[in-house]
Structures are given as structure tokens and as C-alpha cells.
Amino acid sequence: MNDAMNLPYYPPFDTSGSRSAQSERGKKWLERWQEFMIGLNIDDDRRKKALLLRYAGSKVYDIFDTLPNAKKVQGDPAGTTHMGKAINALNAYFNETVNIEVETQNFRECLPEADESTMDYYTRLYTLSETCDFGATRDREIKSQIVQYTPLKKVRMKALAERNITLKALLDFANTTEVSIVQARKMEERLKAQVAFLRKGDSHHSARRRCPHRRRKAKSPRHVDIVEVNIRTRN
């Protein structure tokens, strides 16, 4: 009882969305959960299975109860564990309706969003590719999608000029290009602001010089007296 009360928090599995979306989330959730079990130093097979269903949440537990032979271990092939049986049963459930053709079409139709960086676009493509069964051609498929739809002409020309460029090298080049574009844009904005300020100052001084109503400073009476004295002295 005390062990159950002292268990650290771990987020339950999100069962929302399509079956393919659940399948993708499930892979990541299980990978992180297994690392979580290693961190807790839990090795007992039955206990890991119990914690799996507890941490996954009530919805996953309800699904697990409906799966045929999900709990059977005795009589299964050698090496089968309670934990392994549970994971295999859940994976089979979430993966059974994944349509490779539909998932591949979703990947092909994925386009860059406005102002989206190439790295963010790559991340979305990578996530979609996980249910496309590309296998060893995964990087090539992602690179081809980036080259075809990137808004950066330099990136496309780089890939076409260097046909054997790797996906990583292309992503590095795209990132450098995007940083350069941002820096150049900021420099241009500062330059435009400086030019506008100087033009505004010139137009202000020109208006003052051309103003017909501007009066000359009147001479003071004392100044007039001094001028008269100087004239008389000279005479």
C-alpha cells in the first residue's frame, strides 16, 4: 500500500485521435515508460505489467481487458513474459487499422506552413513517416519532400547541384540560409530606418530655409546706437 502511494507521477497514455495517431504516440510513450521503469529499478515482470496498465490509464486498461489472450503466458512460446505479452497485445490493437497507403498519402501531401522553419517542417515529416513503412529509404523520402516543397530557392539548388548530399547536410545548410536571411532582413530594416530619419531631418531644414514668413532678427536699439557712433567717429 505504501509503495502504491509513493509511486512517482507519470503521464497516462493519450487515447484521443485516430488509431494511427494513437499508434505513433504509443511507441513513444512505451519507450519513455520503459526508461522510467529502469530509473525506478523495477525488474519483476508481473510488477512491470501491473504498473504498465496502471500508468497507461483506465481507458487503456479497459481496452486491454477486451483483447483475446492478452493475459495468457503459461503455454506461450518460451521467453514470453507478462510484460511482453501485454505490450504485444496493445501494439497489435493500435496497429491493426493503420493503412500504409493512407499514411503515405498524408506524408506526400504535407506542405510547409507559412514562416515555418525547415527544421520544423522536417520534424512534421519525420513524425508522419513513422507510419509509412519507408524502412531504409526514410531519409531519402524526407529529403525529396523538402527539396520539392521548400520555399528556399538556395536549398533546392543546393540539393540539385549536389545529388548525393545527405539529409543532415541539407538541413544544416537550410538552417544556415534561414539565419542569414533573418540577419540580412534586420540589417535592411535598420538601414531603412536610418535613411528615413536622415531624409526627415533634411526636409525639415529645407522647409525652414524656404519659409517666406520667417522674419529676420530685428536689431536692438543699443546695436543701432553703436553703429551710429562708429559712423560719426569715422567721419
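Residues numbered from 1 in each chain as written. Predicted model: local features only at pLDDT ≥ 70, side-chain atom pairs only at ≥ 80, totals over all residues. Heavy atoms only, no water.

## Looking at the overall build of the protein
Then, number 1: Scanning the protein from terminus to terminus reveals 11 helices and 0 strands.
Then, number 2: N-terminal to C-terminal, the α/β element order of the protein is α-α-α-α-α-α-α-α-α-α-α.
Then, number 3: Sequence-distant contacts, at least 24 apart, represent 53% of the contacts inside the protein between residues at least 6 apart.
Then, number 4: On the protein, roughly 17400 Å² of surface is accessible, and the fraction owed to carbon and sulfur atoms is 52%. (Helix = DSSP H or I, 4+ residues; strand = E, 2+ residues; numbered from the N terminus. Contact = heavy atoms within 4.5 Å. Areas by Shrake-Rupley, 256 points an atom, 1.4 Å probe, with all protein chains shown as cover.)

## Describing the packing of aromatic side chains
Then, number 1: Evaluation of the coordinates by the stated rule reveals 8 aromatic pairs.
Then, number 2: Ring geometry for W29 and W33: centres 6.3 Å apart, planes at 10°, overall stacked. Linking W29 with W33, this pair stays in helix α2 (residues 19-39), spanning 4 residues, or about one helical turn.
Then, number 3: Among the residues examined, W29 registers a relative accessible area of 10% and is labelled buried.
Then, number 4: Here F107 and F134 contribute two aromatic rings whose centre-to-centre distance is 5.1 Å and whose plane-to-plane angle is 70°, an arrangement assigned as edge-to-face. Linking F107 in helix α6 (residues 100-108) with F134 in the loop between α7 (118-129) and α8 (138-149), this pair joins segments that are 27 residues apart in sequence. The pair F107 / F134 is uniform in exposure class, with both members buried.
Then, number 5: Just above the ring of Y126 sits the side chain of R138; from NZ or CZ to the centre is 3.9 Å. (Phe/Tyr/Trp six-rings, centres within 6.5 Å; stacked < 30°, edge-to-face > 60°. Buried < 20%, exposed > 50% of the residue type's maximum accessible area, 1.4 Å probe, protein only. Lys NZ or Arg CZ within 6 Å of the ring centre and 35° of its normal.)

## Overview of the pattern of salt bridges
Then, number 1: Inspection of every chain in the model, using the stated rule, returns 5 salt bridges.
Then, number 2: Here E116 ties to R124 by a salt bridge, and the two come within 2.8 Å at their closest N and O atoms.
Then, number 3: A residue is classified by how much of its surface remains accessible, and E116, at 17% relative accessible area, is buried.
Then, number 4: For R124, a relative accessible area of 26% puts it in the partly exposed group.
Then, number 5: Taking the shortest distance from any N to any O, the salt bridge between R138 and E130 comes out at 3.4 Å.
Then, number 6: Residue classification places E130 among the partly exposed residues on the basis of a relative accessible area of 22%. (Salt bridge = Lys/Arg side-chain N within 4 Å of Asp/Glu carboxyl O.)

## A word on the nonpolar core
Then, number 1: In terms of nonpolar packing, the biggest core is built from 24 residues, with W29, W33, M37, L51, L52 and Y55 touching the most fellow members.
Then, number 2: Counting residues per element, the ones that place at least two in this core are α2, α3 (45-56), α4 (58-66) and α5 (82-95).
Then, number 3: The biggest single contributor to this core is α5, with 6 residues.
Then, number 4: Not counting residues up to four positions away in its chain, the partners in contact with Y55 are L7, P8, Y9, Y10, P11, P12, F13, W29, W33, F36 and M37. (Core = buried A, V, L, I, M, F, W, Y, C linked by side-chain atoms within 4.5 Å.)

## A look at the packing of α7 against α8
Then, number 1: Axis separation between α7 and α8 bottoms out at 10 Å; the angle between their running directions is 135°. Classified by the angle their axes make, α7 and α8 are oblique. Crossing geometry of α7 relative to α8 is assigned as right-handed. Where α7 abuts α8, its residues T118, Y121, Y122, L125, Y126 and S129 lie against R138, I142, Q145, I146 and Y149.
Then, number 2: Of the residues that constitute the contact of α7 with α8, the class distribution is 7 nonpolar, 3 polar and 1 charged. (Axes fitted to C-alpha atoms, helices over the stretch in contact; angles between N-to-C directions. Parallel < 35°, antiparallel > 145°, perpendicular 65-115°, else oblique. Left-handed = near helix turned anticlockwise from the far one by under 90°. Nonpolar A, V, L, I, M, F, W, Y, C, P; charged D, E, K, R; others polar.)

## Things to note about the side chain of T118
Then, number 1: Relative to the assigned elements, T118 resides in helix α7.
Then, number 2: When near neighbours in sequence (up to four residues on either side) are disregarded, T118 contacts I146, L152, L171, A174 and E178.

## Quick notes on the side chain of Q145
Then, number 1: Tracing the chain through its elements places Q145 in helix α8.
Then, number 2: Relative accessible area serves as the criterion here: at 3%, Q145 is assigned to the buried category.
Then, number 3: If we ignore the near neighbours within four places in the chain, the residues touching Q145 are F107, R108, E109, C110, Y121 and L125.

## As for unusual backbone geometry
Then, number 1: Unlike most non-glycine residues, N41 shows phi in positive territory, near 60°.
Then, number 2: Along the chain, N41 turns up in the loop between α2 and α3.
Then, number 3: With relative accessibility at 61%, the residue N41 sits in the exposed group.
Then, number 4: Its identity is not glycine, yet D115 carries a phi of approximately 60°, on the positive side.
Then, number 5: The exposure class of D115 is exposed, given its relative accessible area of 85%.

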